Amino acid sequence: MAGDYYEVLGVSRTASAEELQRAYRKLARQHHPDVNQDPGAEERFKEISEAYSVLSDPDTRRRYDRFGPDFRQIPEGYEAYADAAPGGERGWPGNSPFGGGRVWVDSDIGERFGAGGIDFEGLFGGLFGSRGPAGPVPGADQLAELELSVEEAYRGGLRRITLSGAGEPTSFEVTIPPGAADGQRIRLAGRGGQGSGEAPPGDLYLVVRIAPHPRYRVSGRDISVDLLLAPWEAALGATVPVLTPGGEAKVRVPAGSSSGRRLRLRGEGMPNPRGTPGDLYAELKITVPRRLTPRERELFEALSSDSAFDPRSST
């Protein structure tokens, strides 16, 4: 991983979760190897994904902010602090291996880890250069995007994916939950980076991205779809079919409906395994025949002569 994670994403160190997500999505789309043929795009995409994987998780972000790029080499529970603490006798002089001045250790750390305290030389020796590595290091969690169609996200099911890494491409099946939402993470335990020594591998997180669809527009768990109507259906009212990701449904169009009116079909949106499903909104759009038959023209001309309706002055 090259560079500071915040610099990789182009955000400040105080960036909110929403700012991190926006920056990641913009950069990921720009540098994804499928759309960017630049020789360095794949490596750049990996850097962006790694940075977002760390900073989007509050726990790992806190450890990264505290210890810097070597945070994975610091076992959890040792409570080393990057902030200056009162009583300089408990700190290491000079620059810390993590950046940002001195590293301080909690005053009761000896009690919590036994009378002998901690072998700091063994813990941090590799970082200071006086010893080798600080023992086995767990593998890094990794992040990848999983693009789904609206129908795939709606139904869920098995999906075979192939990941290209430093070695040979790896293919395996992933279970997609019904109603997978854009931005949702699917955790695959042990599919992340390999650990050193006997340390376990990290996890792989697949971030769901719902691809643009020619018919459906997804917002959270709600789905919108255009419903085309003939002028007489809108004027007189009708019950018409509408396609949803789950199949065909019927919607009753009230008489006197105009283009732009939205009719809600409760519960016909994205499923929600943990709660209430979303709704489907049918947005009415009135269309006319491109070419009129002689009889249709006759009827429209008669309506034009007999009707006093003026859409430009009507309220």
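Before going into details, it helps to say that this report is about the structure given with it. As the structure is a computational prediction, the values presented were derived from the model and not from experiment.

What counts and what doesn't
Residues numbered from 1 in each chain as written. Predicted model: local features only at pLDDT ≥ 70, side-chain atom pairs only at ≥ 80, totals over all residues. Heavy atoms only, no water. Pairing = 2+ DSSP bridges. Helix = DSSP H or I, 4+ residues; strand = E, 2+ residues; numbered from the N terminus. Axes fitted to C-alpha atoms, helices over the stretch in contact; angles between N-to-C directions. Buried < 20%, exposed > 50% of the residue type's maximum accessible area, 1.4 Å probe, protein only. Phe/Tyr/Trp six-rings, centres within 6.5 Å; stacked < 30°, edge-to-face > 60°.

The next thing to look at is the sheet that holds strand E13 (residues 280-286). In space, the 4 strands of this open sheet follow the order E8-E9-E13-E12, with mixed pairing throughout. Either end of the sheet is taken by a strand with one partner, and the two such strands are strand E8 (216-219) and strand E12 (262-265). Each strand axis lies, on average, 30 degrees off the axis of its neighbour in the sheet, ignoring direction. With 4 bridges connecting them, E12 and E13 associate as antiparallel partners. Along E13, the bridge assignment pairs Leu265 with Leu280.

This part takes up the pairing of strand E6 (residues 185-188). Only one face of E6 is buried, namely the one carrying Ile186 and Leu188, since none of Arg185 and Arg187 on the opposite face is buried. Both E6 and strand E7 (residues 204-210) contribute to a ladder of 4 bridges, which runs antiparallel. Residue pairing across strands places Arg185 opposite Val207, the latter belonging to E7.

The subject of this paragraph is the packing of aromatic side chains. Tallied over the entire structure, the rule returns 3 aromatic pairs. Pairing Tyr5 with Tyr64 gives two aromatic rings, centres 4.5 Å apart and planes at 35 degrees, and the pair type is tilted. One end of the pair, Tyr5, is in helix H1 (residues 5-9); the other, Tyr64, is in helix H4 (residues 58-67), with 59 residues separating them in the sequence. An identical accessibility class is assigned to Tyr5 and Tyr64; each is buried. Look at Tyr6 and Tyr64: their rings are 6.1 Å apart centre to centre, the planes differ by 45 degrees, and that puts the pair in the tilted class.

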